[in-house]
Amino acid sequence: MLLVLSLPQFRMFERNLSSKCLEDTNEFLEDLQSETPQMYALLMYDSIGKDGSNILHGNIDQLGSYSECTSAQSPSGKFSGQYCKLTIQQGKIDYNVAICVPSSCKNEDIMMLEWLGLFKYKNTSFISPSPILLFLANNNIYRVKSVYCQNSVPNIDVFVGICMFVVVLFIIMTISGTIFITIKEWKTKSAGNKLKDSLSSAHKHYGTVSFHKINGQQLQVSTLKSKLESPGQNPMETTENNNGEDKRIWECSCSAECATTTTTADIINCILSSFAVQNSVPALLSTKNTMRSYSVIYGIRVLSLLWIISGHVCHFTLFNNLDNPVQWLVSVPNNALYIFSLGGPFYLTVDSLFLISGLLSARTLLNMHHQPEQGLTFKILKDYVIRRLQRILPLYIYMMCLYVGMYSLIPWKSFGENAKSQLDNCKRSWWTNMLFLNNFVMIEQRCMGWTWYLANDFQFYITTPVFIFLLYRNRLLMIALAGFLLLTCFIVTALISWFFKLPIGLHFDSRLLTYGVYNIQYYVKPYCRYGPFLIGIMLGILLHHRETSLLKTKALHRSAWAAAVGWIILACEEGYAGFIQSLLSSKLWIPLANLSYACFLIHPAVISIYNGLQETLLHYTDINMLYLFIGHTILAHILGLLLCILIENPLQLLRKYF
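Keep in mind the model is a prediction, meaning the values are calculated, not measured.

Bringing the overall build of the chain into the picture now. A count of helices and strands for the chain gives 27 helices and 7 strands. Here the chain holds 658 residues, and the buried ones make up 48% of them.

Okay, here's the thing in structure tokens:
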């Protein structure tokens, strides 16, 4: 050790090294290599990543043990173990090796100490490539590309603080609203009991009509005209039934009261009532069809979401957390039995959602356009856009705040660098999400990468008025424009795929250069994804203006899939789908469909957090992926329900009131 410290190259870097890191590293290595090694030093050394088996199937990362490293504490109390991952390049192969170093060392200190060859035990480097890697890389020379040390101390800055404030604020509002309604219902019940007692003592006065006020609501109760007219009836039954309806009476009057609020107390009353769990949960779990038509959309939406979750479970795990990715790539993608995994076309379900969104956007605007002869006025267009923003932005913003807060506070382990990268992206590019530009601007640093869908959807949404305008001006021009845009999407998609040599389906090998090109230049771009939405617009117009059964008249890739799903919707609306219509229109889908937007936003975070809290790599088997899918799906829906209770449902109620 002293010999190394006297080398000329060390003195050249000495001024750039932390003296505390150097001192603690020296103590750790001396305690490790003494005749009676210290236990903490053995723990630190034992936690270092070492060769494993299954290397030929892709298990090349040497992750060691995060818990063992961080549990080590020097007897002097000067430092503890710090888990760090070194990204090594050997030939054309990149892999990670974990080492345990004193907590006083920073990334640049570790780079220098490793370059100087200080990390050794009995002349053997902590980083020693396996013989199989030497054979695969055909090169025994390696270099450290980067170092990442996991810091368990949360980094709370102003941006994170604001996000956490927003998250906590709505939690407090929900708790306050729930307590407020509980107290109000208790007072109502108490007043009802007093009313019952007063009527019980005065029921002998036949024909009397009494008026009482319960929490400001006037309730009229009539006594019996004559005991002899209905001898078997208890006069208390009427009062009890009315008391049982108190909640419904209050709920019915609440909307009217909130719509005519004049005082601050009334406004606070309405706000707290909107955030109460007693109002949110029944609405979310209701099986009432609020769309009045297109009921098959509920089933299609839920099944599409389940398929997306299934694909993301495999997608996220494959890229970062598998110890046998090569085996997966060889056996799974080309197997027809894996249609619900990444090997299947789960990416097409996004096009199903685009189709539904296009259909509903056309229906929304047509329903708002009551006087076609006046055309699309500025007020109609303004209301059309504002309605969409009110629907998607509140939960979107809250989810982003929750995402930033969780990623800042969670004690990440062996895969913490991915979370830190995502958090840094959100701090830099959050504004692109709010403007729905995250599929064009700062795309390589986008926050919550899966929200590219919302950017595309909103951009598509504002094109619908063009077709509705042409519908009442020149239908042939509308059809010609739709055909031209659909053909343009086909041509642009084909040219991009040909130029960059991209696959038709989802690109699932993140190590290849074309993976980044596929996601940046093709997968998230609106000119490659517009076809299904456009088909949805045309289908919405067709269904809105149909006068006779359309299926009784004689009448490629993503768009073909959307057309197929659109045909199913049309067949169900026309009554020709048989048991498929009954299945997709079942009321059992409605509560799950109510949670679909929240689940779409939260489920990738659930998967990423689970993966980031792992200390070791996962092994792909069918049963493992099935269990992960079931667990992530259940947890995503539970959290989706909570998000709807906290933010989506209350704000939708407030939008109706004000």
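Here the narrative resumes.
Let us now look at unusual backbone geometry. One non-glycine residue, Met442, lies in positive phi territory at about 50°. Looking at where Met442 falls in the secondary structure, it is placed in the loop between α17 (416–434) and α18 (452–461). Despite not being glycine, Met448 shows a phi value in the positive range, around 50°. Given the relative accessible area of 0%, Met448 is considered buried.

Along the chain, Ser130 falls in the loop between β4 (124–125) and α7 (131–137). Each C-alpha atom of the pair Ser130 and Asn140 lies 9.7 Å from the other, and the pair is 10 residues apart in sequence. If near-sequence neighbours (up to four positions away) are discounted, Ser130 is found in contact with Asp51 and Ile55.

A separate point is the sheet that holds strand β2 (residues 93–102). Overall, antiparallel pairing links the 3 strands, which are arranged β2-β1-β5 in an open sheet. Since the sheet does not close on itself, it has two edges, and those belong to β2 and β5 (142–149), each with one partner. If you compare each strand with its neighbour and ignore which way they point, the axes differ by 30° on average. The pairing of strand β1 (residues 81–90) with β5 spans 7 bridges and is classified as antiparallel. Of the residues in β5, the one forming a bridge with Thr87 is Ser146.

Let us now look at the state of the cysteines. Here, disulfide denotes a covalent bond that connects the sulfur atoms of two cysteines. Here the structure, examined in full by the defined rule, presents 4 disulfides. Put simply, Cys69 and Cys100 are joined by a disulfide, and their sulfur atoms are 2.1 Å apart. Its S-S torsion of approximately 85° makes the covalent link between Cys69 and Cys100 right-handed. Of this pair, Cys69 sits in helix α5 (residues 66–71) while Cys100 sits in strand β2, and the two are 31 residues apart along the sequence. Judged by relative accessible area, which is 0%, Cys100 ranks as buried. Here Cys84 is linked by a disulfide to Cys149, with a sulfur-sulfur distance of 2.0 Å. The S-S bond linking Cys84 to Cys149 shows a torsion near 105°; that makes this disulfide right-handed. Of the two residues, Cys84 sits in strand β1 while Cys149 sits in strand β5, which places them 65 residues apart along the sequence. Given the relative accessible area of 9%, Cys149 is considered buried.

Over its 26 residues, helix α20 (residues 475–500) runs 38 Å from end to end, which matches the ideal 38 Å to within 8%, given 1.5 Å per residue. The residue sitting at the N-terminus of α20 and contributing the capping side-chain oxygen is Asn474; that oxygen lies 3.3 Å from the backbone nitrogen of Leu476. Phi turns positive one or two residues past the end of α20, at Lys501, with a value near 55°.

Relative to each other, helix α16 (residues 378–409) and α17 sit at 155°, their axes nearing to 10 Å. The orientation of α16 with respect to α17, classified from their angle, is roughly antiparallel. For the crossing formed where α16 meets α17, the hand is left-handed. Contact residues: α16 offers Leu393, Tyr396, Ile397, Met400, Tyr403, Val404, Tyr407 and Ser408, while α17 offers Ala419, Gln422, Leu423, Cys426, Trp430, Asn433 and Met434. Residues that form the contact of α16 with α17 fall into these classes: 12 nonpolar, 3 polar and no charged.

One pass over the full model with this rule turns up 28 aromatic pairs. Ring geometry for Trp452 versus Tyr453: centroids 6.4 Å apart, planes at 85°, classification edge-to-face. Exposure remark for Tyr453: the relative accessible area of 11% places this residue in the buried category. Here the aromatic residues Phe354, Trp452, Tyr453, Phe460, Tyr518, Tyr522, Tyr523, Tyr530, Phe533 and Phe600 are joined through ring pairs into a cluster of three or more. Positioned above the aromatic ring of Tyr461 is the side chain of Arg388, whose terminal nitrogen or guanidinium carbon lies 5.1 Å from the ring centre.

Further remarks concern the packing of helix α15 (residues 348–368) against helix α22 (residues 526–545). Orientation of α15 relative to α22, taken along the N-to-C sense of each, is 40°, at an axis distance of 7 Å. When the axis of α15 is compared with that of α22, the two are oblique. Like other packed secondary-structure pairs, α15 and α22 cross with a definite hand, here right-handed. Residue-level contacts link Val350, Asp351, Phe354, Leu355, Ser357, Gly358, Leu359, Ser361, Ala362, Leu366 and Asn367 of α15 to Arg529, Pro532, Phe533, Ile535, Gly536, Ile537, Leu539, Gly540, Ile541, Leu543, His544 and His545 of α22. In terms of residue class, the contact of α15 with α22 is made up of 13 nonpolar, 8 polar and 2 charged.

What follows concerns a nonpolar patch on the surface. On the surface, a cluster of nonpolar side chains totalling about 760 Å² of accessible area is made up of Ile623, Leu626, Tyr627, Ile630, Ile634, Leu635, Ile638 and Leu642. Position of Ile638 relative to the elements: it lies in helix α27 (residues 622–657). Using a relative accessible area of 44% as the deciding quantity, one classes Ile638 as partly exposed.

On to the pattern of salt bridges. Oppositely charged side chains can pair when the atoms bearing their charge come close. Under the counting rule described, the total for this entry stands at 11 salt bridges. Notably, a salt bridge pairs Arg388 with Asp457, separated by 2.3 Å at the nearest N-O pair. Within this pair, whereas Arg388 is found in helix α16, its partner Asp457 is found in helix α18, the two being separated by 69 residues in sequence. Exposure remark for Arg388: the relative accessible area of 17% places this residue in the buried category. On the basis of relative accessibility, which here comes to 2%, the residue Asp457 falls in the buried class.

This part is about the nonpolar core. Of all hydrophobic cores here, the largest spans 100 residues; its most connected members are Met399 and Ile541. By residue number, the principal contributor to this core is α16, which donates 14 residues. Apart from residues lying up to four places away in sequence, Ile541 is in contact with Ala362, Leu366, Phe467, Ile468, Leu471 and Met478. Ile55, Leu63, Tyr66 and Phe119 belong to the second-largest nonpolar core, a separate cluster that totals 44 residues.

Considering the arrangement of structural elements, one finds Tyr597 in helix α26 (residues 596–612). Through-space distance from the C-alpha of Tyr597 to that of Cys644 is 9.2 Å; in sequence the pair is 47 residues apart. Discounting chain neighbours no more than four positions away, the residues touching Tyr597 are Arg391, Ile392, Leu395, Tyr396, Leu454 and Glu648.

Attention shifts here to the pairing of β1. In terms of residue burial, β1 counts as a mostly covered element, since 8 of its 10 residues are buried. Turn length for the β1-β2 hairpin, with the two strands adjacent in sequence and antiparallel, is 2 residues, and the turn residue Gly91 shows positive phi of about 65°.

Turning our attention to the confidence of the model for the chain. Scored by pLDDT, the chain has a mean of 82; 80% of the residues are at 70 or more. Ranking the elements of the chain by mean pLDDT puts helix α9 (residues 236–244) last with 38 and α18 first with 96. Throughout residues 1–7 the model reports pLDDT below 50, and contacts reaching past four residues in sequence, or to other chains, amount to 10 contacts.

Calculation rules
- Residues numbered from 1 in each chain as written.
- Predicted model: local features only at pLDDT ≥ 70, side-chain atom pairs only at ≥ 80, totals over all residues.
- Heavy atoms only, no water.
- Helix = DSSP H or I, 4+ residues; strand = E, 2+ residues; numbered from the N terminus.
- Buried < 20%, exposed > 50% of the residue type's maximum accessible area, 1.4 Å probe, protein only.
- Contact = heavy atoms within 4.5 Å.
- Pairing = 2+ DSSP bridges.
- Axes fitted to C-alpha atoms, helices over the stretch in contact; angles between N-to-C directions.
- Disulfide = S-S within 2.5 Å.
- Expected span 1.5 Å × (residues − 1).
- Polar contact = N/O pair within 3.5 Å; in protein donor to acceptor, adjacent residues only side chain to side chain.
- Parallel < 35°, antiparallel > 145°, perpendicular 65-115°, else oblique.
- Left-handed = near helix turned anticlockwise from the far one by under 90°.
- Nonpolar A, V, L, I, M, F, W, Y, C, P; charged D, E, K, R; others polar.
- Phe/Tyr/Trp six-rings, centres within 6.5 Å; stacked < 30°, edge-to-face > 60°.
- Lys NZ or Arg CZ within 6 Å of the ring centre and 35° of its normal.
- Patch = residues over 30% accessible without salt bridge, like charges linked within 9 Å, V, L, I, M, F, W, Y side chains within 5 Å.
- Areas by Shrake-Rupley, 256 points an atom, 1.4 Å probe, with all protein chains shown as cover.
- Salt bridge = Lys/Arg side-chain N within 4 Å of Asp/Glu carboxyl O.
- Core = buried A, V, L, I, M, F, W, Y, C linked by side-chain atoms within 4.5 Å.
- pLDDT = per-residue confidence, 0-100.

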